[in-house]
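What the coordinates show
Listed here are the chains, written in short residue letters.
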Amino acid sequence: MFKRLPGDEARNLVATTPDTAVVFRPAVLKTPALITLLIYGWRFLAALVRTLWRHPVACAVPVTLAALWVLDGWPLAVSALGLVVLALLCWAFIARDSFARLIGWRLLAWWRLMSVYRRHWQAVMDVSGLAKRINGLAYMPRLVKVQCDGWADRVTVRMLDGQAVKDWTDRTDNLAQGFGAVSCRVALVKGGRLLLTFPRSDPLADPIPALPIPDEPSVGPVEIGKQEDGRPLKLKVHGTHILIAGATGAGKGSFLWDTIRGLLPAMRAGLVEIWALDPKLMELSFGRELFQGRYAADPADCADLLDEAVSVMQKRAARFSGVQRSHTPTVEDPFVLVLVDEVAFLTAYQPDKQLRQRISAALATLATQGRSVGVGVMAALQDPRKEVMNIRNLFPDKIALRLDESEQVDMVLGDGARGRGALADHISPVPELGAGAAYMRLETSPEPVRVRAAYVSDTDIREMVAVFTERGEAA
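Below is a summary of the structure that appears in this document.

Definitions and limits used
Per chain, residues are indexed from 1 in the order of the written sequence. Local features in this predicted model are restricted to residues of pLDDT 70 or higher, and side-chain atom pairs are both shown and tallied only at a pLDDT of 80 or more, whereas totals for entire chains, interfaces and linings draw on every residue. Only hydrogens and water are set aside; all other atoms, that is, all heavy atoms of the structure, feed into the side-chain values. Burial here depends on accessible area, computed with a 1.4 Å probe over protein chains only, as a share of the maximum for the residue type. Under 20% is buried, over 50% is exposed, and the range in between is partly exposed. Only runs of H or I of at least four residues qualify as helices and only runs of E of at least two qualify as strands under DSSP, and these elements are numbered from the N terminus. Between any two strands, at least two bridges found by DSSP are needed for them to pair. Lines are fitted to the C-alpha atoms to define the axes, a helix being fitted only along its stretch in contact, and any angle between axes, read from their N-to-C directions, falls within 0 to 180 degrees. Any angle between 65 and 115 degrees counts as roughly perpendicular, while under 35 counts as roughly parallel, over 145 as roughly antiparallel, and the rest as oblique. Working rule for handedness: look at the near helix, and if it is turned counterclockwise from the far one by less than a right angle, call the crossing left-handed; if clockwise, right-handed. Any two residues whose heavy atoms approach within 4.5 Å are treated as being in contact. For this classification, the nonpolar set comprises Ala, Val, Leu, Ile, Met, Phe, Trp, Tyr, Cys and Pro, the charged set comprises Asp, Glu, Lys and Arg, and every other residue, Gly included, is treated as polar. Take the residue count of a helix, subtract one, and multiply by 1.5 Å to get its expected span. Of all possible arcs, the one meant is that of the directions from the helix axis to the C-beta atoms. Distance and chemistry together define a polar contact, namely a pair of N or O atoms within 3.5 Å, with one atom able to donate a hydrogen and the other to accept it when in protein, and with adjacent residues in sequence counting only for side-chain atoms on both sides. As used here, the term nonpolar core means buried Ala, Val, Leu, Ile, Met, Phe, Trp, Tyr and Cys residues forming a set that is joined through side-chain atoms within 4.5 Å. Side-chain rings of Phe, Tyr and Trp (the six-membered ring for Trp) are treated as a pair once their centres are within 6.5 Å; stacked means planes under 30 degrees apart, edge-to-face means over 60, and tilted covers the remaining angles. Patch criteria: residues need more than 30% relative accessible area and no salt bridge. Like-charged residues are merged within 9 Å; nonpolar side chains of Val, Leu, Ile, Met, Phe, Trp and Tyr are merged within 5 Å. With residues, only the protein chains shown are counted as cover, and all accessible areas are computed by Shrake-Rupley using a 1.4 Å probe. By convention in these notes, a salt bridge is any Lys or Arg side-chain nitrogen within 4 Å of a carboxyl oxygen on Asp or Glu.

Here the focus is the pairing of strand S8 (residues 232–235). Alternating positions in S8 separate cleanly, Leu233 and Leu235 being buried on one face and Pro232 and Lys234 remaining unburied on the opposite face. Alignment of strand S7 (residues 222–227) against S8, held across four bridges, turns out to be antiparallel. Bridging across to S8, Glu223 finds its partner in Lys234. The antiparallel pairing of S7 with S8 creates a hairpin that spans four residues between the two strands, and Gly230 there sits at a positive phi of about 95°.

Written out as structure tokens, the structure is:
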């Protein structure tokens, strides 16, 4: 038998038989019962104060009812409860919006917090790998609060020290499935805090009919559809350039025609000119009269029209130099929007090398110098690869409709966009469900926003042409 060895000699102990196991048991420190009670008492008081601070109304109601029961008996408490419930029901029927904002969504948030997120939090964090265990100690991201509105739950989370946003964006599928949601989007609120968005419903599931033509002339932002949270989608066109990418049948034409529809009053007033390049001869040709001769379909004509736009831009820059730094649309200097449908046919698939170089150079010049002098570019394409559209990074605002591959999402919207929830490759190919639905990433915000453009039919386009022609003749 081995003798007990003092000091550090135990570490040099070598077993002589293969099946000998040396068991090391950690020292156990016995904590006095009084200290344990004090720790649990302090935790209870802290939780009580935190609950009273976060939910004062929810805590005041049962306390008040209990006090009435003790002082005057249960009939008074039941009567008071009935009056409160009746008043809330009347409020909900008379002023539904204010009730939902002040009471309804808060009650739903509390219910979702208790029944979904707090209930499954530890299991989801462990399985997804976001919780860490170091030296036998478990470290768990902290669930801060839950907020609800008409379409989604917004969960604020405190990350572990040393975690990165990418650790969470790589696990959005785990989080969505773990909490029973269709998808999850991750946004950084501030250092160490994230906002997880879990949609409960899809307000963009149904197609949106064409929006009414505005009454007042304006260069934007123009309303072209609806955002996922129900707010109107207003697209900035003046002072920016927009790239639209999507597979065949994804609904790129909806964004083009909604923009034209929103700018129609300004076009009638002479504040906006739209120059259209339509190499497919299938999309913009329906409204050829709207462009007042600024329409081209043949590649050579497209190159000439782009060169003319560059000439207009350079002449304005020469006149504005030292006088003004931004453009204000006037009849003398209207805002010029160059629409290019299927730009890849002109920049990559054009067999004439000289035409291809002219068109690429003109587009690059407009994209780099046109914003400040009132010349914008809105280009649509199917294939977003760099060799097809090598100037895509010159477009500040980008829109990704349904795409064929997940890698294409980051090509269009920028690195990390898909990890933040821009699942453009998951948009339904069924036209009734997915046509016009897209993720939009603006220059002013790095977070992708899910949107859907209104559908402008052939009848709507003919009506636009008729209205524009009648007004033009009357003028």
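Following both chains from N to C, one finds helix H8 (residues 299–320) and helix H10 (residues 353–369) inclined at 30°, their axes separated by 9 Å at the closest point. With respect to H10, the element H8 is oriented roughly parallel. Regarding H8 and H10, the two cross each other, and that crossing is left-handed. Contact residues: Pro299, Ala300, Ala303, Asp304, Leu306, Asp307, Ala309, Val310 and Met313 in H8; Leu355, Arg358, Ile359, Ala362, Leu363, Thr365, Leu366 and Gln369 in H10. Of the residues in the contact of H8 with H10, the class split is twelve nonpolar, two polar and three charged.

Between its terminal C-alpha atoms H8 stretches 31 Å, which fits the 32 Å expected from 22 residues at 1.5 Å a residue. The set of residues buried in H8 consists of Pro299, Cys302, Ala303, Leu305, Leu306, Ala309, Val310, Met313, Arg316 and Phe320. All buried residues of H8 fall inside an arc of 165° around its axis, so they share one side. Residues Lys315 and Ala318 are exposed on H8 and point more than 90 degrees away from its buried face. Summarising the contacts, the buried residues of H8 are in contact with strand S10 (272–277), strand S11 (295–296), strand S12 (335–340), helix H9 (344–347), H10 and strand S13 (375–381). Measuring from the side-chain oxygen of the N-cap residue of H8 to the backbone nitrogen of Ala300 gives 3.0 Å; that N-cap residue is Asp298. Positioned one or two residues after H8, Gly322 has a phi angle of 75°, which is positive.

Spatially, S8-S7-S16-S15-S14-S9-S13-S12-S10-S11 is the arrangement adopted by the ten strands of the open sheet, whose pairing is mixed. Edge positions in the sheet fall to S8 and S11, since each of these pairs with one other strand and no more. With five bridges joining them, S12 and S13 adopt parallel strand pairing. Along S13, the bridge assignment pairs Val340 with Ala379.

Here we come to the pairing of strand S6 (residues 193–199). As a general feature of sheets, a regular strand has side chains that alternate between the two faces. Across the seven residues of S6, five count as buried, placing the element largely inside the fold. The pairing of strand S4 (residues 152–158) with S6 spans seven bridges and is antiparallel. Bridge pairing in S6 links Val155 to Leu196. Examined bridge by bridge, strand S5 (residues 185–190) and S6 share five bridges and lie antiparallel to one another. If you follow Leu188 over to S6, its bridge partner there is Leu194. As consecutive antiparallel partners, S5 and S6 are separated by two residues, and within that stretch Gly192 has a phi angle of approximately 90°, a positive value.

Further remarks concern the nonpolar core. By size, the foremost hydrophobic cluster in this structure holds 45 residues, and its most contacted members are Leu277, Leu306, Val338, Val340, Leu363, Leu366 and Leu413. With eight residues, H8 is the largest single contributor of residues to this core. Sequence-distant contacts of Leu306, that is, excluding residues within four places in its chain, are made with Leu277, Val338, Ile359, Ala362, Leu363 and Leu366. Within the second largest apolar cluster, 42 residues are counted, among which are Val219, Ala250, Leu339 and Met464.

On to the packing of aromatic side chains. Tallying each qualifying case throughout the model produces six aromatic pairs. Summarising the aromatic geometry, the rings of Tyr117 and Phe179 are spaced 5.1 Å apart at their centres and angled 50° between planes, so their arrangement reads as tilted. A residue pair is termed long-range when its members are at least 10 positions apart, and Tyr117 in helix H4 (residues 96–128) and Phe179 in the loop between helix H6 (172–178) and S5 qualify at 62 residues. For Tyr117, a relative accessible area of 0% translates into the label buried. According to the relative accessible area criterion, Phe179 is buried, its value standing at 5%. Centre to centre, the rings of Tyr117 and Phe198 are 5.6 Å apart; their planes meet at 40°, and the pair counts as tilted.

Take the environment of Ile103 next. Tracing the backbone through its elements, the reader meets Ile103 in helix H4. Between the C-alpha atoms of Ile103 and Gly162, which are 59 residues apart in sequence, the distance is 37 Å. Those residues in contact with Ile103, other than ones at most four positions away along the chain, are Trp91 and Ser98.

Spatially, four strands are ordered S3-S4-S6-S5 in an open sheet, and the strand pairing comes out antiparallel. Strands with a single pairing partner mark the edges of an open sheet, and in this sheet they are strand S3 (142–148) and S5. Shown here is a sheet whose adjacent strand axes are inclined to one another by a mean of 25°, direction ignored. Contacts from H4 reach S3, S4 and S6 within the one sheet, and its direction differs from that of S3 by about 145°.

This part covers a nonpolar patch on the surface. On the surface, a cluster of nonpolar side chains totalling about 630 Å² of accessible area is made up of Trp69, Val70, Leu71, Trp74 and Val78. Those elements that place two or more of their residues in the nonpolar patch are helix H2 (56–72) and helix H3 (74–94). Of all the elements, H2 adds the most residues to the nonpolar patch, at three residues. Note that Val70 resides in helix H2. Classification of Val70 by relative accessible area gives exposed; the value is 70%.

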